[in-house]
Amino acid sequence: TDRLTVKTGNLAVEFRYRGRPSGIQTTKSDEYFFVIVEENGSIRYRFNIPTARLKKIAHSRYKDGFTIRGGQNNDSEMVLVPVELLLREYRC
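The structure presented is a predicted model; accordingly, all values stated were derived computationally and were not measured.

Asker: Break down the side chain of Asn-10 for me, with residues and values.
Answerer: Secondary-structure assignment places Asn-10 in strand 1 (residues 10-17). The residues touching Asn-10, leaving out its near neighbours within four places in the chain, are Asp-2, Thr-5, Arg-61, Leu-80, Val-81, Pro-82 and Val-83.

And the structure:
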């Protein structure tokens, strides 16, 4: 669940935590499931995306410099993926 997507237009996909690979880099799942919520907590979108496809998108966004740090101590490194890009490909 990404609670900032409705404000930013991006999903934050974690790829490193405390300097070590995590999230999209280490998952063994076949699909990622996203839930995008409104500020009041109601669900706006929910959809699945094949992990292999998300990895390709995330890698491309990473190469283009679309990364941020976050978490309580800025321990997480994430790549930003525009939600509209995913919604065009995958129905909600």
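Next comes the rest of the account.
Asker: How would you sum up the layout of surface pockets? Please name residues and give values.
Answerer: Approximately 170 Å³ is the volume attributed to the largest pocket. For the largest pocket, the full set of lining residues is Phe-15, Arg-16, Ile-24, Gln-25, Lys-55, Ala-58, His-59, Tyr-62 and Val-79. Elements represented by at least two residues in the lining of the largest pocket include exactly strand 1 and helix 2 (51-63). With four residues, helix 2 is the largest single contributor of residues to the lining of the largest pocket.

Asker: Please give an account of the pattern of salt bridges that cites residues and values.
Answerer: Across all of its chains, the model carries four salt bridges by this definition. The salt bridge involving Arg-16 is made with Glu-77; its shortest N-O contact spans 3.1 Å. Residue Arg-16 is located in strand 1, and its partner Glu-77 is located in strand 6 (residues 76-82); the two are separated by 61 residues in the primary sequence. We note a salt bridge from Arg-18 to Asp-75, for which the minimum N-O separation is 3.2 Å.

Asker: Hey, could you go over the sheet that holds strand 2 (residues 20-21) for me, with residue numbers and the actual values?
Answerer: Taken in spatial order, the four strands make up an open sheet running 2-1-6-5, and their pairing is antiparallel. Each end of this open sheet is capped by a strand with a single partner; those strands are strand 2 and strand 5 (67-70). In this fold helix 2 packs onto strand 1, strand 5 and strand 6, with an angle of close to 105 degrees to the strand it touches most, strand 6.

Asker: Describe in detail the packing of aromatic side chains, supporting the description with residues and values.
Answerer: For the coordinates displayed, the defined rule picks out three aromatic pairs. When the centroid spacing of 6.0 Å and the interplanar angle of 45 degrees are considered together, the rings of Tyr-32 and Phe-34 count as tilted. Across this residue pair, the class does not change: Tyr-32 and Phe-34 are buried. Ring geometry for Phe-34 versus Phe-47: centroids 5.7 Å apart, planes at 40 degrees, classification tilted. Of this pair, Phe-34 sits in strand 3 (residues 31-37) while Phe-47 sits in strand 4 (residues 43-50), and the two are 13 residues apart along the sequence. Like Phe-47, Phe-34 is buried. Taken together, the aromatic side chains of Tyr-32, Phe-34 and Phe-47 make up a single cluster linked through ring pairs. Sitting over the face of the ring of Phe-66, Arg-61 holds its NZ or CZ atom 3.7 Å from the ring centroid.

Rules of the game
Residues numbered from 1 in each chain as written. Predicted model: local features only at pLDDT ≥ 70, side-chain atom pairs only at ≥ 80, totals over all residues. Heavy atoms only, no water. Helix = DSSP H or I, 4+ residues; strand = E, 2+ residues; numbered from the N terminus. Contact = heavy atoms within 4.5 Å. 1 Å grid on protein atoms, 1.4 Å probe; cavity = no way out; pocket = protein on both sides within 12 Å on 5 of 7 lines; lining within 4 Å. Points joined across faces, edges and corners; volume = space filled by probe spheres on them. Salt bridge = Lys/Arg side-chain N within 4 Å of Asp/Glu carboxyl O. Pairing = 2+ DSSP bridges. Axes fitted to C-alpha atoms, helices over the stretch in contact; angles between N-to-C directions. Phe/Tyr/Trp six-rings, centres within 6.5 Å; stacked < 30°, edge-to-face > 60°. Buried < 20%, exposed > 50% of the residue type's maximum accessible area, 1.4 Å probe, protein only. Lys NZ or Arg CZ within 6 Å of the ring centre and 35° of its normal.

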